[in-house]
Amino acid sequence: MADDGAIALDGFLDEETVPGDLHGSTARFRLTVSPTDERADEMILPCTVADSALAHAVIHDLVPGDKLRVTGYLRLPRTPDEPMWLVVTKLAVLESAPQLSDPAAATAVIERYGSYVCWFDAEDSGEVPVWTEAGVWVGTAGDPSAPGELIEAFEQRQAAGGE
């Protein structure tokens, strides 16, 4: 494909994909894009797929948490009440989300906060281990409501020049 203004972005599928029309010939989804480890750089980008074969694959093959590379054209709003979105022309799954064999029996969940990963275990002490997606240890939050504070403190330490 020649350089014709298309952009390529890597990100994680934010939630379930949805059909864009009654026939499933189009699809919509949201991609969490975080080009750096800074939370301020993270964004959730609405995406749409107009190609019917690609839309079918998006609706039936993707699951939340999949890491994707999307290529397409950014549609900027022309009026203040219009949304911005990416019209996807190509899509590749870079990494599949881990599949639970029996979601009803699951007691532990990996939750993603942008470029951070947290491990929530219902049978554990209530503490929540947190690390970056690159594997750098961030710390342990005292309870399930505290990972945000731990991540913020970690980012402040990193901005100040290290630990």
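Procedures and definitions
- Residues numbered from 1 in each chain as written.
- Predicted model: local features only at pLDDT ≥ 70, side-chain atom pairs only at ≥ 80, totals over all residues.
- Heavy atoms only, no water.
- Salt bridge = Lys/Arg side-chain N within 4 Å of Asp/Glu carboxyl O.
- Helix = DSSP H or I, 4+ residues; strand = E, 2+ residues; numbered from the N terminus.
- Buried < 20%, exposed > 50% of the residue type's maximum accessible area, 1.4 Å probe, protein only.
- Arc of directions from axis to C-beta.
- Contact = heavy atoms within 4.5 Å.
- Polar contact = N/O pair within 3.5 Å; in protein donor to acceptor, adjacent residues only side chain to side chain.
- Phe/Tyr/Trp six-rings, centres within 6.5 Å; stacked < 30°, edge-to-face > 60°.
- Pairing = 2+ DSSP bridges.
- Axes fitted to C-alpha atoms, helices over the stretch in contact; angles between N-to-C directions.

On to the pattern of salt bridges, then. Within the structure shown, the criterion is met by four salt bridges. Residue Glu15 is joined to Arg30 by a salt bridge in which the shortest nitrogen-to-oxygen separation is 3.3 Å. Of this pair, Glu15 sits in the loop between β1 (7-13) and β2 (18-19) while Arg30 is found in strand β3 (residues 27-33), placing the two residues 15 residues apart along the sequence. The network of salt bridges with shared partners includes Asp14, Glu15 and Arg30.

We now examine helix α1 (residues 52-61). Among all positions in α1, only Leu54, Ala55 and Val58 are buried. Seen end-on, α1 carries its buried residues on one side only, within an arc spanning 100 degrees. With respect to the buried face of α1, the exposed residues turned more than 90 degrees away are Ala53, His60 and Asp61. Tucked into the core, α1 has its buried residues touching β3, β4 (43-49) and β6 (85-95). Between a side-chain oxygen at the N-terminus of α1 and the backbone nitrogen of Ala53 the separation is 3.3 Å; the capping residue is Asp51.

Right, let's talk about the environment of Val63 for a bit. Structurally, Val63 can be placed in the loop between α1 and β5 (67-75). Residues Val63 and Glu15, 48 residues apart in the sequence, show an inter-C-alpha distance of 7.5 Å.

What the rule picks out here adds up to one aromatic pair. Ring geometry for Tyr116 versus Phe154: centroids 6.1 Å apart, planes at 90 degrees, classification edge-to-face. Here Phe154 lies in helix α2 (residues 147-159) and Tyr116 lies in strand β8 (residues 116-121), a separation of 38 residues in the sequence. We classify Phe154 as buried; its relative accessible area is 4%.

Turning our eyes to something else, we now look at the sheet that holds strand β7 (residues 108-113). The four strands are arranged β7-β8-β9-β10 in an open sheet whose pairing can be described as antiparallel. Since the sheet does not close on itself, it has two edges, and those belong to β7 and β10 (137-141), each with one partner. Looking at each pair of strands side by side, their axes are set apart by 20 degrees on average, direction ignored. Strand direction decides the pairing type here: strand β9 (residues 128-132) and β10, joined by four bridges, are antiparallel. Looking at β10, one finds that Val128 is bridged to Ala141.

All quantities given are derived from atomic positions and should not be read as evidence of function.
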